[in-house]
Amino acid sequence: MQLPRWWELGDPCAWTGQGRGTRRMSPATTGTFLLTVYTIFSKVHSDRNVYPSAGVLFVHVLEREYFKGEFPPYPKPGEISNDPITFNTNLMGYPDRPGWLRYIQRTPYSDGVLYGSPTAENVGKPTIIEITAYNRRTFETARHNLIINIMSAEDFPLPYQAEFFIKNMNVEEMLASEVLGDFLGAVKNVWQPERLNAINITSALDRGGRVPLPINDMKEGVYVMVGADVPFSSCLREVENPQNQLRCSQEMEPVITCDKKFRTQFYIDWCKISLVDKTKQVSTYQEVMRGEGILPDGGEYKPPSDSLKSRDYYTDFLITLAVPSAVALVLFLILAYIMCCRREGVEKRNMQTPDIQLVHHSAIQKSTKELRDMSKNREIAWPLSTLPVFHPVTGEIVPPLHTDSYESTNMPLMQTQQNLQHQTQIPQQQTTGKWYP
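The written sequence of each chain sets the order in which its residues are numbered from 1. Under the rules for a predicted model, residues below a pLDDT of 70 receive no local features and side-chain atom pairs below 80 are neither given nor counted, while totals for whole chains, interfaces and linings still include all residues. Note that the side-chain values use all heavy atoms of the structure and ignore hydrogens as well as water.

1. Comments concerning the side chain of Ser177
(1) Moving on: A run of H or I in DSSP becomes a helix once it reaches four residues, and a run of E becomes a strand once it reaches two; helices and strands are each numbered from the N terminus. The residue Ser177 is located in helix α3 (residues 177–191) in this model.
(2) Moving on: A 3.5 Å cut-off defines polar contacts: any pair of N or O atoms within that distance qualifies, except that in protein one atom must be a possible hydrogen donor and the other a possible acceptor, and neighbouring residues in sequence count only when both atoms are side-chain atoms. Among the polar contacts made by the side chain of Ser177, one reaches the side chain of Glu178 at a distance of 3.1 Å.

Here it is in structure tokens:
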């Protein structure tokens, strides 16, 4: 990313590293806005200190060229190395970054960018970001820390804030110094403020937008919020006209007179512009009136002391295991007594049964046993296929072909038409027409 000539180098105290790395948007006292650039001259494993302002856009570029020399084998002088390099950023001691800080890197062959708008709650508290670079070819890593010292801004927050949605830009393209500078220059010509700051940049994907189709070089879009110290210009107020509101509701482009100042490079969706006047915002805090439905104040929460007495779980163990086991044992003994000691037996049953009933039962058993013994000695039953069949023409019953001397085991299960007696030949149907001998 090349810097425009009118950008001014920042505080010399921040020159503690190597290579261009951090840029900060800040207003100038002369009525124009300047972008402060921090140049870093240090090794990868050393710490970097940056000093962004609360409520002002913060951008830190992780350049691949800076990390290439840290991965073996080290390139020789004049040799070009194009290894794929990715970055991982997280807050020291935590797996992710702070809520206000975002990171983007499209491909392993492009630079990574940390960007966001610091909050006033973190002023005076150093934020240490661990940056780990991975060489995807050699699997080597290089790590260093980025110390973000958030400073308070006298003009924070700016009372008039406007958020633009740019359709033809991606977030990494908008974070480039020359592109962002051109956009702020166009806004300054339209708004004419004394102080103008870039507050925040957000990708449309973070706002619920969809990934664009890979046709016609479509972009995902980006939201850019800027703040100024003067009221909105008449050109920006044109969006609030009833005619333009009606056109937006019909998904038509509104008529904005100053759109031509942006259209040369930035395609702005004026229906999605947001104008916020913090001077007219009324505090929504209301004192809580205690009454029906509101619980009384219970005072401050007092947690238990650290010196807690140890609890004896022996009694709980006995109640949980011993009592159910004793009940189960009693039930088992009762069931065993019923099943074993209360059985009547065969002899007691025979004593209580009349003699005539016993005789009848014995006779039935004897006859059943005799029939079973006789069934073992009888011949094998004839197959059903050997039973008499009907003649297909006369309808007479034809006896089976076998005689009594045949063994049943050698008889075929199915009879053929040739084995049938008294079989007559069915005449075949002749074709119509004249017959020639």
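Now that the structure has been shown, we can carry on.
2. Some words on the sheet that holds strand β12 (residues 196–203)
(1) Moving on: Taking strand neighbours across the sheet as the criterion, the four strands line up as β12-β13-β11-β14 in an open arrangement whose pairing is antiparallel. Each edge of the open sheet is held by one strand with a lone partner, namely β12 and β14 (274–277). In this sheet, adjacent strand axes meet at a mean angle of 15° when their direction is disregarded.
(2) Moving on: Pairing between strands is defined by DSSP: at least two bridges between them are needed. One ladder, built from four bridges, connects strand β11 (residues 160–166) with β14; its direction is antiparallel. Bridging across to β14, Glu163 finds its partner in Ser274. Note on geometry: axes are lines fitted to C-alpha atoms, helical ones only across the stretch in contact, with angles between N-to-C directions running from 0 to 180 degrees.

3. Here's the deal with the state of the cysteines
(1) Moving on: The criterion for a disulfide is a pair of cysteine sulfur atoms lying within 2.5 Å. Under the criterion given, the structure shown has two disulfides.
(2) Moving on: One disulfide in the model links Cys235 with Cys258; its S-S distance is 1.5 Å. Classification of the bridge connecting Cys235 and Cys258 rests on its S-S torsion, roughly -75°, and on that basis the disulfide is left-handed. With Cys235 in helix α4 (residues 234–237) and Cys258 in the loop between α5 (242–249) and α6 (260–263), the pair connects residues that are 23 residues apart, well separated along the chain. For the pair Cys235 and Cys258, a shared accessibility class is recorded, and that class is buried.
(3) Moving on: Across the disulfide, Cys248 is cross-linked to Cys271 (sulfur-sulfur distance 2.1 Å). Between Cys248 and Cys271, the S-S dihedral sits near -85°, and the bridge is therefore left-handed. Of this pair, Cys248 sits in helix α5 while Cys271 sits in the loop between α6 and β14; the two residues are 23 residues apart in sequence, bridging distant segments of the chain. Exposure categories follow from relative accessible area, calculated using a 1.4 Å probe and restricted to protein chains: below 20% of the type maximum is buried, above 50% is exposed, and the middle band is partly exposed.

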